[in-house]
Amino acid sequence: MCGIFGYVGGKDSVSILIEGLKKLEYRGYDSAGIATISNKKIHLEKSVGKIADLESIVSSKSRISHIGLGHTRWATHGQPSKENAHPHLDCTGSIALVHNGIIENYEELKRALCAKGHVFRSQTDTEVIVHLIEENIRHGLENAVKLALKKLKGSYAIGVLYKNNPDKIIVARKGSPLVIGIGEKENFISSDIPAMVKYSSRIITLEDGDIATVTKSKVKIFSATKTSIKREETLISWDPISAEKSGYAHFMLKEIHEQPKAIIDTIKDIVDPSKKNIKFKHLNLKEKDISNIKRVVLTACGTSWHSALIGEYYLEYYAKIPSEVEYAAEFRYRMPIVDKNTLVIAISQSGETADTLGAIQEAKKHGAKVISICNVFSSSIVRESDGVIYTMAGPEIGVASTKAFTTQVAVLFLLSIFLGRKKNRLSKAKFLSRLSSLFEIPHKVEQVLASEDKIEKIADKYCNANNALYLGRGEGFPAALEGALKLKEISYVHAEGYPAAEMKHGPIALIDENMPVVVLALAGRRYEKILGNIEEVNARGGRVIALATEGDRLITKKAKDVIFLPKTRETLSAILAVIPLQLLAYYIAIKRGCHVDQPRNLAKSVTVE
Ligand code: F6R
């Protein structure tokens, strides 16, 4: 949800800002802009569209500057336009500001500022901040920012430049992420870590309420209580190459192919080398806390919510703990009934999703223990939780989440058998056999990826359909939901996921010869039932694409197209099943000419409610 990048140092700031913004483009891509200082003047360049459009504008100007701020926008207030693109200037053109977040009381502030004679050039909520700073600039830049922030309600990560202080950037955050990258006689600011890894592995994550002054040689941070404060530096181990496309056409395709490695890295971070014991390094749950768990609530948004649904099955099946899944945005405003005996598990790739963060805060208010499953080190969700289990997927840049999902499911599987063991509800022998089944999954994912050509051909056949149904049972149902979401978000084809048995309670009315129906017909307890559902679709002329387990001869007679998956434990088949669904969505989107890494209207981290 909007990306901020900033630089101060000895190099050419313009090219660094453009490069940094390109890496943040997945956070928003409807318009972009940069502000730099040279010859004691603020210079502003903006454009509607992608960073490449902005790049062609700035490259036609030969301006040398060593300090600047950039922004890539995902519109909330005011349509995508040059006027609404950030940075925004005060009335005198002396102060430039970039913002990620939402200022909830901006209308009231704007009215008051207009009454004082301020002239607004955009329809954004952001612009009030820069005029508020202007109001107080006579007190000095830092004080002016502090005074302005006091008036704001809502969330923000901001960067500010002032022409009279051409050596410093002021940054601040509340509810939106911002990190500082420490360099040699240069420093960087960014909305997130993946955009930073090329420049610095020494990261300071600002806390809510922090304000910092960043010059090329110093970072000074003040906490919400105004005292100067030292924030820990974290050393990030992500290598810069992992944030590049490495020869793949799109990040999404690269990340789909990275899943075997992402899953094994995640498992190895949790299971000791003997492959017999599970140790969560940062779980922070004592034996007593574990024995007190009477109920689990899993909460998340989007794809992470789908992995939570699979987690619910696992926790009930292996650990016999009553579990339920809540959309984070619903949970947080519903006065949920949770207490100290409830374990809340918040799941998030980015660690910055505003609703998931809000759900954690709500759960903690009621005394629940909260652990998160997260892919980004020291992100807001991690810091707000009592404990964390990291997925080791590496940076996920493609807007459509892929490797985060499969690694989250692997973690949920490990957590469930761990709790099952701790609570004596799973025998040692069963625990070990489940663990060894999980270790086989990365190789089986590789086998599924080998069907890519076949999946591309299936995509060819169905890419012109305007609707699709995805059906599954058990863990196959969340996988069906995830397959439908992938198709919707990157190809703009209307798709719905359903528990297969529910189809006859309504969606069956949609089935005709134009309706592709993707059915997860995987071996296991529910196989016979799902065959019955396929017959119901066939009887109405629907076109069935089945995902089935290798060796299943019957299915080829019942489905128009079949994608075979290697045999695995039934509970783990959802991990394998989701891979062809990701590829199917990818190739359908490509054939429809869609921009898979930057689908319209979407952003990678949803840092607004
Ligand atoms: C879909 C997708 C989104 C995210 C959701 C939660 O492909 O990426 O639905 O899953 O916005 O994001 P995180 O996991 O970062 O909290």
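Residues numbered from 1 in each chain as written. Predicted model: local features only at pLDDT ≥ 70, side-chain atom pairs only at ≥ 80, totals over all residues. Heavy atoms only, no water.

S.K.: Whenever I open this one, the overall build of the protein chain confuses me. Can you help?
M.R.: For the protein chain, the helix and strand inventory stands at 19 helices and 25 strands. Taking 609 residues into account, the globule formula puts the C-alpha radius of gyration at 25 Å, and the protein chain, at 25 Å, falls close to it. By its C-alpha atoms, the protein chain is 75 × 55 × 45 Å across when sized along the principal axes. In the protein chain, which comprises 609 residues, the proportion classed as buried is 62%. Here the analysis covers contacts within the protein chain between residues at least 6 apart in sequence; of these, 71% occur between residues at least 24 apart. Carbon together with sulfur atoms contributes 51% to the accessible area of the protein chain, which is approximately 23,300 Å² in total. Computed over 85 positive and 69 negative side-chain charges, the inter-centroid distance for the protein chain is 3 Å. (Helix = DSSP H or I, 4+ residues; strand = E, 2+ residues; numbered from the N terminus. Rg over C-alpha atoms; globule rule 2.2 N^0.38 Å. Buried < 20%, exposed > 50% of the residue type's maximum accessible area, 1.4 Å probe, protein only. Contact = heavy atoms within 4.5 Å. Areas by Shrake-Rupley, 256 points an atom, 1.4 Å probe, with all protein chains shown as cover. Lys, Arg positive; Asp, Glu negative; His and termini not counted. Charge placed at Lys NZ, Arg CZ, Asp CG, Glu CD.)

S.K.: What is the right way to read the pairing of strand E13 (residues 219-222) from this model?
M.R.: Residues in a regular strand project their side chains so that they alternate between the two faces of the sheet. Where strand E12 (residues 211-214) lies against E13, four bridges are found, and the strand directions are antiparallel. Residue pairing across strands places alanine 212 opposite isoleucine 221, the latter belonging to E13. Both E13 and strand E14 (residues 228-229) contribute to a ladder of two bridges, which runs antiparallel. Each bridged residue has a counterpart across the sheet, and for isoleucine 221 the counterpart in E14 is isoleucine 229. (Pairing = 2+ DSSP bridges.)

S.K.: Would you mind showing me how to read the environment of proline 240 here?
M.R.: Summarising the element assignment, proline 240 is placed in the loop between strand E15 (233-235) and helix H6 (251-257). What makes proline 240 partly exposed here is its relative accessible area of 36%. Along the sequence, proline 240 and isoleucine 563 sit 323 residues apart, while their C-alpha atoms lie 35 Å from each other.

S.K.: I keep staring at the packing of aromatic side chains and nothing clicks. Help me out?
M.R.: In this description, a pair of aromatic rings is defined by centroid distance and the angle of the planes. Summed over all chains, the structure comprises twelve aromatic pairs. On the numbers, 5.0 Å between centres and 90° between planes, the contact of phenylalanine 280 with phenylalanine 418 is edge-to-face. Note that phenylalanine 280 is positioned in the loop between helix H7 (259-270) and helix H8 (287-292) and phenylalanine 418 in helix H13 (residues 403-422), a separation of 138 residues in sequence. On the basis of relative accessible area, phenylalanine 280 is assigned to the buried category, the value being 9%. Geometrically, the ring pair formed by phenylalanine 377 and tyrosine 390 is tilted, given 4.4 Å between the ring centres and 40° between the ring planes. Here tyrosine 390 lies in strand E20 (residues 387-390) and phenylalanine 377 lies in the loop between strand E19 (369-374) and helix H12 (380-384), a separation of 13 residues in the sequence. For phenylalanine 377, a relative accessible area of 22% translates into the label partly exposed. (Phe/Tyr/Trp six-rings, centres within 6.5 Å; stacked < 30°, edge-to-face > 60°.)

S.K.: Help me out: how do you make sense of the packing of helix H1 (residues 13-24) against helix H2 (residues 51-59) in this one?
M.R.: Helices that pack against each other are described as a pair by the angle of their axes relative to one another and the distance between those axes. Across the interface, H1 lies against H2 with an axial gap of 10 Å and an inter-helix angle of 170°. What the angle tells us is that H1 and H2 run roughly antiparallel. Across the interface between the two elements, Val14, Ile18, Leu21 and Lys22 of H1 pack against Ile51, Leu54, Glu55 and Val58 of H2. For the contact of H1 with H2, the per-class residue count stands at six nonpolar, no polar and two charged. (Axes fitted to C-alpha atoms, helices over the stretch in contact; angles between N-to-C directions. Parallel < 35°, antiparallel > 145°, perpendicular 65-115°, else oblique. Nonpolar A, V, L, I, M, F, W, Y, C, P; charged D, E, K, R; others polar.)

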